[in-house]
Amino acid sequence: MPARPDPRLVWALVLALVTAVVAGVVGDSLQSALIAGVGAVGAVLLGGLERAEPPAAAEPVSNDSPELIDQLLDSVVQPVLLIRGGQVVFANRAALAELGRHIVGDDVRVAIRHPAAAARLASADFGPEERPIELVGLGSIDRRWEMRVGKAGPFRIVQLIDRTGAYAAERMRIDFVANASHELRTPLASILGFIETLADEAGEDPDVRARFLKVMFDEARRMQRLVEDLISLSRIEAEKHQLPDASIDLAQLIAEVRAEIFDMGDDRGHAVTLNVDPDVPFICGDRARLSQMLHNLIGNALKYGRSGTPVAVALRRDGGMVRLTVTDEGDGIAPEHIPRLTERFYRIDAGRSRTLGGTGLGLAIVKHIVERHRGRLDIVSKAGIGTTVAVLLPPADETVTIS
């Protein structure tokens, strides 16, 4: 007959868990509440087992409590270690996966090989209010962790919280704000400078005034394009979880975009050639966003292709997908730049891009539009030959995700 758990241990477990839940409700952070709860459970149960009187010879010792602790800690998705006497006595599954299965029984300074972690764990005195510490490079050079340490009875509880994604997002936000500010500040400074010049005697000369006003108009238009692209990118990101549901004839839309480019008076508009297979199915999409994608892709090819060379736009079936390609005959792109082309404000030649009227956001917008349509974007380029941008999109009667 299986032995019953000690009622005192069961009540201690219940009280410990209630304490952790209450701590989370009244305002403590989730991590603090978790550490408090796990620490209390570990201290009460493991400590209680050590202090409990030996059971009668007729009743075997119950293993329910240690197994329960294992299950509780293994359910935590972040690495958690129990330390006693400077050694790791338990590590949950997440910790074993990150730090290695050999760490149980090792010195904690060997298990977590980081100077800041070793200094914190070597300290004999610390309180629950002590701030967590950041560990940079643990596991790999680009990983960032937050280490929290708690104390419960004879145990120290170490929790590692992965902050890599949050740090990358914050870094991206800071870079985005800095780049956007710089892109807006440059034309604004130019406009202000010309206004000051026109306010002086230079404004009296009709030729000088006309030249300055043209530059001011061009810089204002550049700022306008940038603001429009920023707003567009923000809206596309907000819509990314909304799957488009309209049936779109992409071949017809390409013809319309080509006609719009002609009407805009682009000197290179006549260079756009179309090659559309007759049996290409409709796609499920957002017409306005797909038009924006086509304008950006064809516009880029016209800007960066060599004068007098064609820009080939092709549409065909590709297995169960619809493949759109836009090919130019330009200088091409070096391989090291291709993975970064869809980053916001990334330019291979910043001066040339600004001269041609680029905002540095065109391909970032294309990428988000393609992702919203559950498609895939590929860029292939050869130096001195040209660049081909391919977009794979699912047909209207299919809802597939490209990995």
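## Comments concerning the overall build of the protein chain
When you go through the protein chain residue by residue, the secondary structure sums to 12 helices and 12 strands. Pairs at least 24 residues apart make up 61% of the contacts formed inside the protein chain by residues separated by at least 6 positions.

## Observations regarding the packing of helix α7 (residues 164–199) against helix α8 (residues 206–238)
Across the interface, α7 lies against α8 with an axial gap of 9 Å and an inter-helix angle of 160 degrees. The angle between α7 and α8 places the two elements in the roughly antiparallel class. Once α7 is placed against α8, the crossing between them reads as left-handed. Residues that form the contact of α7 with α8 fall into these classes: 18 nonpolar, three polar and four charged.

## Some thoughts on helix α12 (residues 362–372)
Among the 11 residues of α12, eight are classified as buried, and the element is accordingly described as predominantly covered. For α12, every residue scored as buried is listed here: Leu363, Ala364, Ile365, Val366, His368, Ile369, Val370 and Arg372. Directly beyond the C-terminal end of α12, a positive phi value near 60 degrees is found at Arg374.

## Brief notes about a nonpolar patch on the surface
A cluster of nonpolar residues, Leu188, Leu192 and Ile195, forms a patch on the protein surface that exposes about 250 Å² of accessible area. The residue Ile195 is located in helix α7 in this model.

## Focus on the confidence of the model for the protein chain
Of all residues in the protein chain, 75% attain a pLDDT of 70 or more, and the chain-wide mean is 77. Counting interchain partners and residues more than four positions distant, the pLDDT-below-50 stretch residues 41–64 has 31 contacts.

## Quick look at the sheet that holds strand β7 (residues 272–276)
Strand order in the open sheet made by the five strands is β7-β9-β10-β12-β11, with mixed pairing throughout. In the strand order of this sheet, the two ends are held by β7 and β11 (376–382), each with one partner. Along the sheet, successive strands turn relative to each other by an average axial angle of 15 degrees, direction set aside. Of the pairings in the sheet, the one linking strand β9 (residues 311–318) to strand β10 (residues 321–328) comprises seven bridges and is antiparallel in character. Along β10, the bridge assignment pairs Arg317 with Val322. Each of β7, β9, β10 and β12 (386–393) touches helix α10 (residues 287–304); the most contacted strand, β10, lies at about 30 degrees to it. On the sheet, α12 packs against β11 and β12 and is oriented at approximately 140 degrees with respect to β11.

## Details of the packing of aromatic side chains
This model, assessed by the stated rule, comprises one aromatic pair. The aromatic ring of Phe155 is capped on one face by Arg84, whose charged end is 5.4 Å from the ring centroid.

## Here we look at the environment of Leu250
Structurally, the position occupied by Leu250 is in helix α9 (residues 250–263). Given the relative accessible area of 2%, Leu250 is considered buried. A C-alpha to C-alpha distance of 9.9 Å links Leu250 and Leu294, two positions 44 residues apart in sequence. Discounting chain neighbours no more than four positions away, the residues touching Leu250 are Ile283, Leu294, Leu315, Val322 and Leu393.

## Some words on the pattern of salt bridges
Counting across every chain of the model gives 16 salt bridges. A salt bridge links Arg143 to Asp162, with the shortest nitrogen-to-oxygen separation between them at 2.9 Å. Residue Arg143 is found in the loop between β3 (133–136) and β4 (144–152), and its partner Asp162 is found in strand β5 (residues 155–162); the two are separated by 19 residues along the sequence. The exposure class of Arg143 is buried, given its relative accessible area of 19%. Note on Asp162: relative accessible area 29%, which makes it partly exposed. A salt bridge links Glu219 to Arg222; its shortest N-O distance comes to 3.5 Å. With Glu219 and Arg222 both in helix α8 and three residues apart, this pair spans about one turn of that helix.

## Some details on the sheet that holds strand β2 (residues 87–91)
The strand order across the open sheet formed by five strands is β2-β1-β5-β4-β3, and the pairing between neighbours is antiparallel. In this open sheet, the two edge strands, each paired with only one partner strand, are β2 and β3. Taking each pair of neighbouring strands and ignoring which way they run, the sheet shows an average axis angle of 30 degrees. Of the strand pairs in this sheet, β3 and β4 are connected by four bridges, and their pairing is antiparallel. Residue pairing across strands places Leu135 opposite Trp145, the latter belonging to β4.

## Focus on the nonpolar core
Of all hydrophobic cores here, the largest spans 41 residues; its most connected members are Leu250, Met293, Leu294, Leu297, Ile298 and Leu324. Elements with a minimum of two residues in this core: α8, α9, α10, β9, β10, α12 and β12. Once you skip the residues sitting within four places of it in the chain, Met293 turns out to touch Leu324, Val366, Ile369, Val370 and Val391. Membership of the second largest hydrophobic core comes to 21 residues, among which are Ile83, Leu99, Leu135 and Met147.

## A closer look at unusual backbone geometry
Positioned with a positive phi, Phe345 is a non-glycine residue whose angle comes to about 70 degrees. Tracing the chain through its elements places Phe345 in the loop between β10 and α11 (350–355). Phi is positive for Arg374, close to 60 degrees, though the residue is something other than glycine. Among the structural elements, Arg374 can be located in the loop between α12 and β11.

Rules of the game
- Residues numbered from 1 in each chain as written.
- Predicted model: local features only at pLDDT ≥ 70, side-chain atom pairs only at ≥ 80, totals over all residues.
- Heavy atoms only, no water.
- Helix = DSSP H or I, 4+ residues; strand = E, 2+ residues; numbered from the N terminus.
- Contact = heavy atoms within 4.5 Å.
- Axes fitted to C-alpha atoms, helices over the stretch in contact; angles between N-to-C directions.
- Parallel < 35°, antiparallel > 145°, perpendicular 65-115°, else oblique.
- Left-handed = near helix turned anticlockwise from the far one by under 90°.
- Nonpolar A, V, L, I, M, F, W, Y, C, P; charged D, E, K, R; others polar.
- Buried < 20%, exposed > 50% of the residue type's maximum accessible area, 1.4 Å probe, protein only.
- Patch = residues over 30% accessible without salt bridge, like charges linked within 9 Å, V, L, I, M, F, W, Y side chains within 5 Å.
- Areas by Shrake-Rupley, 256 points an atom, 1.4 Å probe, with all protein chains shown as cover.
- Salt bridge = Lys/Arg side-chain N within 4 Å of Asp/Glu carboxyl O.
- pLDDT = per-residue confidence, 0-100.
- Pairing = 2+ DSSP bridges.
- Phe/Tyr/Trp six-rings, centres within 6.5 Å; stacked < 30°, edge-to-face > 60°.
- Lys NZ or Arg CZ within 6 Å of the ring centre and 35° of its normal.
- Core = buried A, V, L, I, M, F, W, Y, C linked by side-chain atoms within 4.5 Å.

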